[in-house]
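Next come the chains, spelled out residue by residue.
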Amino acid sequence: MEKHLLMGDEAIAQAAIDAGISGVYAYPGTPSTEITEYIQKSEEAKEKNIRSSWATNEKTAMEGALGMSYAGKRSMVCMKHVGLNVAADAFVNSAITGANGGLVVVVADDPSMHSSQNEQDSRFFGKFAMIPVLEPHHQQEAYDMVHYAFDLSEVLKTPVLLRITTRLAHSRAGVAPRLITREQNELRLPEKLTQFVLLPSIARENYKTLIHNQEHFKKAALESGYNSYLKGNDKSLGIIATGIAYNYLQENYPNQEIPYPVLKIGQYPVPNEMLQEIYDECDELIVFEEGYPLIEEALRGSLNIGKNIKGRMDGTLAFDGELNPVKVGKALGFPEPEKRPLPDIVVPRPPALCAGCPHIDSYKAINEVIAKHYSKGRVFADIGCYTLGALPPYSAINTCVDMGASITMAKGAADAGLVPAIAVIGDSTFTHSGITGLIDAVNDGSNVTVFILDNDTTAMTGGQNSAAVGNRLEDIVRGVGVAEEHIRVIRPLKKFHEENIQVIEEELNYPGVSVIIPRRECIVVLDQRMRRKFKDKTQ
Amino acid sequence: MKKDIIISGVGGQGIVSMAAIIGTAALESGLNLKQSEVHGMSQRGGDVLSNLRYSDKPIASDLIPEGKADMIISIEPLEALRHLPRLSMEGWIITNTIPFNNIENYPDIDGIISEVRKIPNHILVDADTIAKDLNARRSTNVIILGAASEHLGFELAVLENAIIKLFEKKGSKVIDQNITAFYKGRELAHS
């Protein structure tokens, strides 16, 4: 069968198309973005009329997907790990409603925080919601698991979580797609039209069903083949390896069998009998998990009075950071490969705002006004390219916590007496989670000045469309009650610097809610647009 | 046949294209392949790294273990050194000599080059100047690829076809430029 070179993200996207989805719902977030982008660019998906445009945030995405499932069609929702926090209300409750059409939630975790604020492990979220979780170890398995996940979802009427990590999401390998693909489902409402009504009386019944289903979920994990016990003669040690950690284990035994028994895990909840078997057979166990110690913690228990369990909790492996072949090898007692040290001359090259970026002009103006009239430490920022304003030479911001927190934290600090407080948020982050916070500020008449840096795109993740740009932003700001005269649009350009300073001074002086919108297109998006234009002209 | 290659540089220098050419050559040769890179924050002028592995046997890890890379191919000299702990003791380091200077504390370039020269198996190429001479400024990465070509384990025709395939949509002029750049790089590796 012909193999295609696909990233993990792309393999998941192609599998969803082949498995007969009618829609994908997502907000961009590294390392999950390419799943939805692949479907958006796919001719096949266009022909099949698969809906795929960006959602405003992960919660609206999750709910959109759940609605499609209610209507009987297959849907997929994709996000990065912290996006699942945003979608959590809908996600956890979707376990209680259950699914109608197949519903698969893909979450891409980012251990080692390559592009993230934490390294939370979404398998815990799956456990919390009490739904099946799948964790592929390579790209082909990711492709196959999507098909399986939709089947499982429709047979057991449950959402299924597919958990991947950065290294699988952004690594390419040969993938053989299935030759026989599935048609989309017909519109078909749930048999019981109250299935999705989570009134307490109904939710209690549904929850009992979910509890009862745990046995089915475990049985599926026993029979699917994604969990397997590989025999080994040396029973002084038993190895449990989940997802991509299995690859790092294999890497340490090139061209040879692993001498110890291995329990390879790719599906949760893990059946107890599988854990029992390897526990009984071996003198001690070592657990390799990419993420938090989920299985390790369960095996040790609070009292840790059984056999010796090695892993992230006893220091055999560092608690934080992603695994790699050398870390796994060391834990197994292999000597570290001989290597050269990093020469002293090497200095870091941190990411930075691009030359010509509009945010540079905004930060220069904000910094100047603060230096002139106020003390430092009053700029509450958000998540996007402009977070790089934390680094020198700007050192312009004091917080970055979660999507939308700039406005609400500035409000809280202003409530505490830090006035004026300044919020800095991008156009896409504002529509994602900033609007509700702005309503809070308006209702309280808080002394905050909110900068909505409108660069006409979701820049950090590669220039996806924003939910609202241009005049629509002013409409929203006006609509939530900010006074017309305190909505100021400026052009973040050097030639308007003095003019902009004056606007900022005026609004910081105003003891209520002001919104300043520095508006100029992202320089990278502009560059791409110009190149396309040039190409069209020359062709 | 098994090769583990680190490709490095700065965002926008053509790392992904270089990995794609070598990857295509590996696939056309019927080999297994894994190629990983980090996206996101690192695209904003930060350092970029790709792990490229190909083998006639199945490949387990997407990441090359430290101390095991057969080769570092870098489009930027500081970035070549950044990944030195990943190189095997017998490995090759093949790098452009021209810095991409977007940081205030960029180290002394002579110091960087002398560190590269400490690695017994090294190839240094001033790819930027050659690219300028060839009037193909965007082909710096392909010149470096040419300089590395002898150590990649492919017939020349296979690599040439992979270059043609990558630039197919850009027309014959771009293809010719890159083929010329490739051979120029290969020639310089010998001089």
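No experiment lies behind these values; they were computed from the predicted model shown.

Let's talk about the overall build of chain B
In terms of regular secondary structure, chain B is built from 7 helices and 6 strands. Helices and strands appear in chain B in the N-to-C order β-α-β-β-β-α-β-α-β-α-α-α-α. Its C-alpha atoms give chain B a radius of gyration of 15 Å, near enough to 16 Å, the size a compact globule of 191 residues would have. Taken over the C-alpha atoms alone, chain B extends approximately 45 × 40 × 35 Å along its principal axes. Looking at chain B as a whole, 55% of its 191 residues are labelled buried. Considering only contacts within chain B whose residues lie at least 6 apart along the sequence, 65% involve residues at least 24 apart.

Examining the interface of chain B and chain A
Between chain B and chain A, the residue contacts involve 40 residues of the former and 35 residues of the latter. Across the side of chain B that touches chain A, the residue classes break down as 17 nonpolar, 14 polar and 9 charged. Both strand β7 (residues 171–175) of chain A and strand β2 (residues 32–37) of chain B contribute to a ladder of 3 bridges, which runs antiparallel. Its bridge partner being in β2 of chain B, A173 of chain A is matched across the sheet by K34 of chain B.

Considerations on the domain arrangement of chain A
Partitioning chain A into domains gives domain 1 (4–223), domain 2 (228–331) and domain 3 (358–525). The straight-line distance from the C-alpha centre of domain 2 of chain A to that of domain 3 of chain A is 48 Å.

What to know about the pairing of strand β4 (residues 103–109) of chain A
All names here are of chain A. The buried fraction of β4 amounts to 7 of the 7 residues, a majority that puts the element mostly inside the structure. Residues of β4 alternate between two faces, with L103, V105, V107 and D109 on one and V104, V106 and A108 on the opposite face, all of them buried. Where β4 lies against strand β6 (residues 160–165), 6 bridges are found, and the strand directions are parallel. Bridged to A108 within β6 is I164.

Regarding the sheet that holds strand β18 (residues 514–518) of chain A
Residue and element names in this part refer to chain A. What the 5 strands build is an open sheet, ordered β14-β15-β16-β18-β17; its pairing is parallel. A single partner strand is all that each edge strand has here, and the edge strands are β14 (379–380) and β17 (487–490). Bridge count between strand β15 (residues 421–426) and strand β16 (residues 448–453): 6 bridges; the pairing is parallel. Its bridge partner lying in β16, I425 is registered against I452. Sheet contacts for helix α15 (residues 358–373): β14, β15, β16 and β18; angle to β16, the most-contacted strand, approximately 160 degrees. Contacting β14, β15 and β16, helix α16 (residues 405–415) runs over the sheet at an angle of about 175 degrees to β15.

Thresholds applied
Residues numbered from 1 in each chain as written. Chains lettered and ligands numbered in written order. Predicted model: local features only at pLDDT ≥ 70, side-chain atom pairs only at ≥ 80, totals over all residues. Helix = DSSP H or I, 4+ residues; strand = E, 2+ residues; numbered from the N terminus. Rg over C-alpha atoms; globule rule 2.2 N^0.38 Å. Buried ≥ 20, exposed ≤ 12 C-beta atoms within 10 Å, placed from the backbone. Contact = placed C-beta atoms within 7 Å. Nonpolar A, V, L, I, M, F, W, Y, C, P; charged D, E, K, R; others polar. Pairing = 2+ DSSP bridges. Domains from an automatic or database assignment. Axes fitted to C-alpha atoms, helices over the stretch in contact; angles between N-to-C directions.

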